[in-house]
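Observations on the model geometry
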Amino acid sequence: MFNDTNKPVVYILALEPSGDIIGSSLIHSLRSKTNGMIQIAGVGGDQMQNSGLNSLFDPKELSILGIIEVFPKILTIVRRFFDTINDINNTSPDIFVSIDSWGFTGLIHKYLRKKNKSIKRVRYVAPQVWAWRPGRAKELSNLVDHLLTLFSFEVNIFEQYGLKTTFVGHPTIYSLNNKNNVSDFRKVNSISKNDLVISLLPGSRISEVKSLGPILLQTIINISKTYDNLNIIIPTVTNLREEIYTLFKDIKLPLFVITDYEEKINAMKSSNIAIAASGSVSLELAMLNIPHIITYKVNPISAILFKYLSLTKYVNIINYLSNDEIIPEFLQDKCNCKDLYEASIKLIQDKAIQDNQIKKFIELNERFLNDDTNPSDIAANAILSEYRLRKN
């Protein structure tokens, strides 16, 4: 029983928007499991802050993807590392939970293992060692007390190194599977059922929007020359809204830039197809049964290093699990408006391709959940079990 004298202190660190959503659900489950007798501290974005977290700093400061891209922000990374360490020492948590950004959060795990072993260390969301840098699996086993995975196939990868590993399932996918109040975005916004609606998802980082935004803009302009009934939806995060409005200010098409999470889901659900930056949003689109293509471009040196370190020919999790390019991948040189236009037109016009994607989405959906149980509840139980072990 949790009470004022038996009150867990949990420090949660999530730096990416996808991790922020996972962290928010986790906070709700932890509070529910402890009847509110818990203290939550750490770093998180809008979703976690809306769930009551007083974030140490804005995680957008550390929103970085790539290898070379890290160097311009090295001073910020070092400063925020020491800020986080000092805050953990001052907070004295029972449990430390990291959710994403292993390049940064892994350093915190290393510090705690060396300097403060009394704090239980939990990793929620496994690094994608199946895709690149497999040595991280062994490294993780030395730094983490308990790993919580989103995908069932990841368990064996880490258990072979003696790491306590629990498959919890994917919280976002669970949430999408249990949404009963999805409104009709087309009806609300007077969009005809015969109109073409395309969702553009240029990423959650400013660097991604600057890199992919102009390419996606020109792609849409080209598509609009073929389809004059085109509507554009751009689900994004609050801090990127003005950047996107500026980028698309001259486009002569109905444009919906959406930051509210529930509305984003409703809007994406109304789409015929989507063009998305490679990442976790592809899973969201898949669970909404939206046919889509993915694209991405990083610094050329980072791209070479990624290719050298990569273990799979696919970057998309759905393609990896299917061992087939179900979702077309347009990366690096293929990330251009000509190739994206041609692929989009093909996806719009070829129902067989759409049906094949949707069929695979439905098949894979069952593999992403753990017996229809809320993944956040499973994660919360695992974390609280580590708290009990620490107290015994």
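Small disclaimer: the values here were computed from a predicted structure and weren't measured. (Residues numbered from 1 in each chain as written. Predicted model: local features only at pLDDT ≥ 70, side-chain atom pairs only at ≥ 80, totals over all residues. Heavy atoms only, no water.)

**Re the pairing of strand β2 (residues 39–43)**
Applied cut-off: Relative accessibility thresholds used throughout: buried, under 20% of the residue-type maximum; exposed, over 50%; partly exposed, between the two (1.4 Å probe, protein chains only). Every helix listed is a DSSP run of H or I at least four residues long, and every strand listed is a run of E at least two residues long, numbered separately from the N terminus. Here, any two strands with at least 2 DSSP bridges between them count as paired.
Buried residues dominate β2, accounting for four of its five residues. Note: strand β1 (residues 9–13) against β2, five bridges, orientation parallel. If you follow Tyr11 over to β2, its bridge partner there is Ala41.

**Comments concerning the sheet that holds strand β4 (residues 120–124)**
To keep it simple, the criterion reads: Axis angles are defined between N-to-C directions and span 0 to 180 degrees, where every axis is a line fitted to C-alpha atoms and, for a helix, only to the segment in contact.
A sheet is described by the order of its strands in space; here six strands give the open sequence β2-β1-β3-β4-β5-β6, paired in parallel fashion. Every interior strand has two partners, whereas the edge strands, β2 and β6 (165–167), have only one. Sheet twist, expressed as the average angle between the axes of neighbouring strands with direction ignored, equals 20°. Bridge analysis of strand β5 (residues 146–149) against β6 gives three bridges, and the strand direction is parallel. Within the sheet, the bridge partner assigned to Thr149 lies in β6 and is Phe167.

**A few points about helix α11 (residues 261–269)**
As a reminder, the rule being used: Two N or O atoms form a polar contact when they lie within 3.5 Å of each other; inside protein one atom must be a possible hydrogen donor and the other a possible acceptor, and for residues adjacent in sequence the pair counts only when both atoms belong to side chains.
Taken together, the buried positions of α11 are Tyr261, Lys264, Ile265, Asn266, Ala267 and Met268. For α11, the side-chain oxygen to backbone nitrogen distance between the N-cap and Glu262 is 3.3 Å, and the N-cap itself is Asp260.

**Some words on the sheet that holds strand β9 (residues 255–258)**
Taken in spatial order, the six strands make up an open sheet running β9-β8-β7-β10-β11-β12, and their pairing is parallel. The sheet is open, and its two edges are formed by β9 and β12 (329–331), each paired on a single side. Here the strands of the sheet are splayed against their neighbours by 15° on average, with no regard to which way each runs. In this structure, strand β11 (residues 292–296) lies alongside β12, joined through three bridges in parallel fashion. By the bridge assignment, Tyr296 is partnered in β12 with Leu331.

**A few points about the packing of helix α9 (residues 206–224) against helix α15 (residues 337–349)**
Worth spelling out the cut-off: Orientation labels follow simple angle bins: below 35 degrees gives roughly parallel, above 145 gives roughly antiparallel, 65 to 115 gives roughly perpendicular, and whatever is left gives oblique. Crossings are sorted by hand: turned counterclockwise from the far helix by less than a right angle, the near helix makes the crossing left-handed, and turned clockwise it makes it right-handed. By definition, residues are in contact when any of their heavy atoms lie within 4.5 Å. All residues other than Ala, Val, Leu, Ile, Met, Phe, Trp, Tyr, Cys, Pro, Asp, Glu, Lys and Arg, Gly among them, are scored as polar; the first ten of these are nonpolar and the last four charged.
Two elements in contact, α9 and α15, have axes whose closest approach is 9 Å; the angle formed by their N-to-C orientations is 50°. Classified by the interaxial angle, the pair formed by α9 and α15 is oblique. In the packing of α9 onto α15, the handedness of the crossing is right-handed. Here α9 contributes Ile215, Leu216, Gln218, Thr219, Asn222 and Ile223 to the contact with α15, which in turn contributes Cys337, Leu340, Tyr341, Ser344, Ile345 and Ile348. Residues of the contact of α9 with α15, tallied by class, amount to eight nonpolar, four polar and no charged.

**Some words on the packing of aromatic side chains**
So the rule is basically this: Here is the rule: rings of Phe, Tyr and Trp (six-membered ring for Trp) pair when centre to centre is within 6.5 Å. Planes less than 30 degrees apart are stacked, more than 60 are edge-to-face, and the remainder are tilted.
In the structure shown here, the tally under the stated rule is six aromatic pairs. Between Phe81 and Phe82, the ring centres sit 5.1 Å apart and the planes meet at 75°, which makes this aromatic pair edge-to-face. Seen in terms of ring centroids, Phe185 and Phe256 are 5.4 Å apart; in terms of plane orientation they differ by 75°. Their pairing is edge-to-face. Pair noted here: Phe185 is in helix α8 (residues 185–188) and Phe256 is in strand β9, with a separation of 71 residues, a long-range link. Exposure class is identical for Phe185 and Phe256. Each is buried. Cluster of aromatic residues (ring-pair linked, three or more members): Phe151, Phe153 and Tyr320.

**Some words on the nonpolar core**
Test applied: We call a set of buried Ala, Val, Leu, Ile, Met, Phe, Trp, Tyr and Cys residues a nonpolar core when their side-chain atoms join them within 4.5 Å.
Counting 65 residues, the largest nonpolar core has Ile12, Leu30, Val97 and Tyr124 as the members making the most contacts within it. Per-element accounting of this core gives the leading share, seven residues, to helix α17 (residues 375–391). Residues contacting Ile12, with those up to four places away along its chain left out, are Leu26, Ile27, Leu30, Ile40, Ala41, Gly42, Val43, Met48, Val97 and Ile99. Grouped together as the second largest cluster of nonpolar side chains are 34 residues, Leu212, Tyr227, Ile251 and Val257 included.

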